[in-house]
Number of protein chains: 2
Amino acid sequence: MRRNKRPSGAEQAAGNGLLHRRLFLSAGAAAIGSSALPETTAAAETLAIEPWMKTPGSPFTAYGQPSKYAGKIIRTFASAPGTTGTGTSRTPHHLLEGTITPNGLHFERHHAGIPDINPEAHRLLIHGRVKRPLVFTLDSLMRYPMESRVAFIECAGNSSVLYQKEPAQAGVQPIHGLLSCAEWTGVRLATLLQEAGVEPGAQWLLAEGADASGMSRSVPLAKAMDDALIAIYQNGEPVRPSNGYPMRLLLPGYEGNMNVKWLRRLKLTEGPTMTKDETSKYTILLNDGKSLQFCFAQEAKSVITRPSPGLTMGAAGLYEIAGLAWSGYGKITKVEVSADGGASWTLAALQEPVLPNAITRFRAPWRWDGGPAVLQSRAADDSGYVQPSRAKLIADRGARGAYHFNGITSWSVAQGGEVKHVYA
Amino acid sequence: MRRNKRPSGAEQAAGNGLLHRRLFLSAGAAAIGSSALPETTAAAETLAIEPWMKTPGSPFTAYGQPSKYAGKIIRTFASAPGTTGTGTSRTPHHLLEGTITPNGLHFERHHAGIPDINPEAHRLLIHGRVKRPLVFTLDSLMRYPMESRVAFIECAGNSSVLYQKEPAQAGVQPIHGLLSCAEWTGVRLATLLQEAGVEPGAQWLLAEGADASGMSRSVPLAKAMDDALIAIYQNGEPVRPSNGYPMRLLLPGYEGNMNVKWLRRLKLTEGPTMTKDETSKYTILLNDGKSLQFCFAQEAKSVITRPSPGLTMGAAGLYEIAGLAWSGYGKITKVEVSADGGASWTLAALQEPVLPNAITRFRAPWRWDGGPAVLQSRAADDSGYVQPSRAKLIADRGARGAYHFNGITSWSVAQGGEVKHVYA
């Protein structure tokens, strides 16, 4: 029996049904009237004996796979005309939870497909303005001390459709799916550079991949000496071929393609090399015709993953709003959510541990009254920066660019429960 | 040119070449003489153009897989005679790094194979001493507020061969492979129990799986109300079939089989149910013929994964000793390592963040002189407990049991570099 108990003033934290983030954590279901909780069924005390309970199940396997019933939880992808491996694949965050992206679903951006690299033949050269040019094999790197970093990687072009005049009728995966997060483990680049001996005057590195496009970017030496890794492992196992096997550069918080995959060469230089990949692309064209170049760190951003387009709302009642927040400038300090298109906001709960340059999961309880709503989230990081509205981002920067879109995303919920992407 | 610089007294942290844990972190390679680092090659400044740099690589895939060159990084498994799915599979920790176990390599312990569960037909019943028996579908659970916990799961029988009189000639995977760690996300069991309404007198729960063995265990109510989850996600994606799809019980820190997979029923009871799985197995037989029963939390433990048997040492010189530490009683506070069979010890560096009931990666630099050594690690947790030697564990408990072995493991390194399991 559903009592449809209304929240009291003390429970209400912002307009249109947003409740206090600690509701579940502190007091549990009792605090809001247990029958306000969703779709549980008072039960007969017996359950059906299903077929899988009657016969032994399937045997062991050397390397496991998802359930056949999870077959829709996959990356979507598109390639440039005439190619099969130049393009992007996107992570289905609307169907995932937590903060780690499983390796099979990490997004990809390839410029000439996935090279089939024999790790025994692969070499990493460090040269240019160093005292001792050095060549590393995978085996020699494996003897160096390692560190781990849980870090997101986000393509600079993620969410770029929000620069368009009309809201794309799409959901989290096509709009925001060029983002993933993993535990990366490898050797600090600083350790290798100290061994090579950086010469005075060296201020940059050219990082080059071993794919057929020779994808390459210029990296400031300061970042290389700070928290950069030569990543060899991704969520415990060797980096996947689609993510740089046998080794990639990891520059925590920096735009995706600077984290050069299949890394084969680091050349220390005085200035940036002005490669094709940082001049023809990955610059932000402004209204006055000038471009922003070398925008490295991804700005603070967030997106609500549940509810989101493609997920069906059930009956009116209590829901959890859940989403992802991240910043290339450090740690997420707070995420606010709104159910009335930004008229009022309340703090979301953040899942600990909150780590720098990693995805942070946020959550807020919401009592949906079955009527229209516009859901938004707004992240802030420990640099003091707050994620801007779409309107403010475009007012400041124009809408001619295709990169670093980090404005607020709005999902409308209609009477009846359909969720759509809107501008609000 | 290798200078074979000897460490000074300030660098030496314990006998037989162990160096200070902060060596790399603070001062980098320069501090120990860069040429003491392993097997790098002074380089010509050109690299070979490999075949994979000349043609476009392979296309996108919906769900990615490891490199074909990583084909040896697999679980090993064995089934009971006459079965294909009753037994264990083991995680290859000697070939992994970091702390997260990728889902394809999470260890398994099945009592009747892996059931092929249709999530739409699956139900979770909460009944017994509750005010309102409830039945949950996967969809109804998905509307509840969720939380994540990075948690290890370890089979109570992990490492049991160390109870034997002679050291098993085996390595990390066969000896310690019934251990894995993942980010689990789901609904707090406390939330569901509050909704069902726990009746006075209920002190335990029976947790039952939907596999053909009906694997079931008794769980104290206090644990259920504390940090227990109904886990729906494992490292971001739905829990794998081999780990309980579509839902499992997660009792952080408790012995593996209490984390009941394919969870279908929770019955609140006054006392433990004394199921077959907690009376015929999972008890510890003592020398006097009595047994310890209901030893729930896994005690603090550690193991060195590199070097370890099966991994070949190269030339004498600098190595990193790396390993795993974990405790079901809380956070790891320190790990000490020894290179001389326990005669002297030094602190290992711990990778942050150190989380309760999760695997912690430890590391220590070691200058191997090419001669014999015996490597050991010893973990302590924030309950004040210190991992005992094998001799002390057996003196206290006897060697008739098969569960909860958490004594120190010793790896001998021979002149020439072969690594073996020994008792020391």
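Residues numbered from 1 in each chain as written. Chains lettered and ligands numbered in written order. Predicted model: local features only at pLDDT ≥ 70, side-chain atom pairs only at ≥ 80, totals over all residues. Heavy atoms only, no water.

Enquirer: When you look at the sheet that holds strand β5 (residues 87-90) of chain A in this model, what are you seeing that I'm missing?
Expert: Strand pairing in a sheet is mediated by backbone hydrogen bonds. Such pairs are either parallel or antiparallel. All names here are of chain A. The antiparallel open sheet is built from three strands, whose spatial order is β4-β5-β6. Each of the sheet's edge strands pairs with one partner strand only, and the pair in question is β4 (76-79) and β6 (108-110). Ignoring strand direction, the axes of neighbouring strands in this sheet form an average angle of 5°. In the sheet, β5 pairs with β6 via three bridges, with the strands oriented antiparallel. Each residue of the ladder has a partner; that of T88, found in β6, is R109. (Pairing = 2+ DSSP bridges. Helix = DSSP H or I, 4+ residues; strand = E, 2+ residues; numbered from the N terminus. Axes fitted to C-alpha atoms, helices over the stretch in contact; angles between N-to-C directions.)

Enquirer: For this particular structure, what's the right way to read the sheet that holds strand β6 (residues 108-110) of chain B?
Expert: Residue and element names in this part refer to chain B. Strand order in the open sheet formed by three strands is β4-β5-β6, with antiparallel pairing between adjacent strands. Because the sheet does not close on itself, it has two edges, and the strands there are β4 (76-79) and β6. On average, each strand axis in the sheet is tilted by 5° relative to the strand beside it, whichever way the strands run.

Enquirer: I would appreciate a short explanation of the pairing of strand β20 (residues 317-326) of chain B in the present structure.
Expert: Residues in a regular strand point their side chains to alternate faces of the sheet. Residues and elements named next belong to chain B. With ten of ten residues buried, β20 is to be regarded as a mostly interior element. In this sheet, β20 lies alongside strand β19 (residues 301-306) in antiparallel orientation, the contact comprising five bridges. Within the sheet, the bridge partner assigned to K301 lies in β20 and is W326. Inspection of the sheet shows β20 paired to strand β24 (residues 360-368) by nine bridges, in the antiparallel sense. Each residue of the ladder has a partner; that of A322, found in β24, is R363. (Buried < 20%, exposed > 50% of the residue type's maximum accessible area, 1.4 Å probe, protein only.)

Enquirer: I tried to follow the relation of the copies chain A and chain B on my own but got confused; where do I start?
Expert: Superposition of chain A onto chain B requires a rotation of 180° combined with a translation of 0.0 Å along the rotation axis, giving an RMSD of 0.0 Å. Both chain copies can therefore be described as sitting about a two-fold axis. A share of 99% of interface residues in chain A that are also interface residues in chain B marks the association as one of identical surfaces. (Least-squares fit on C-alpha atoms with pLDDT ≥ 70 in both. Contact = heavy atoms within 4.5 Å.)

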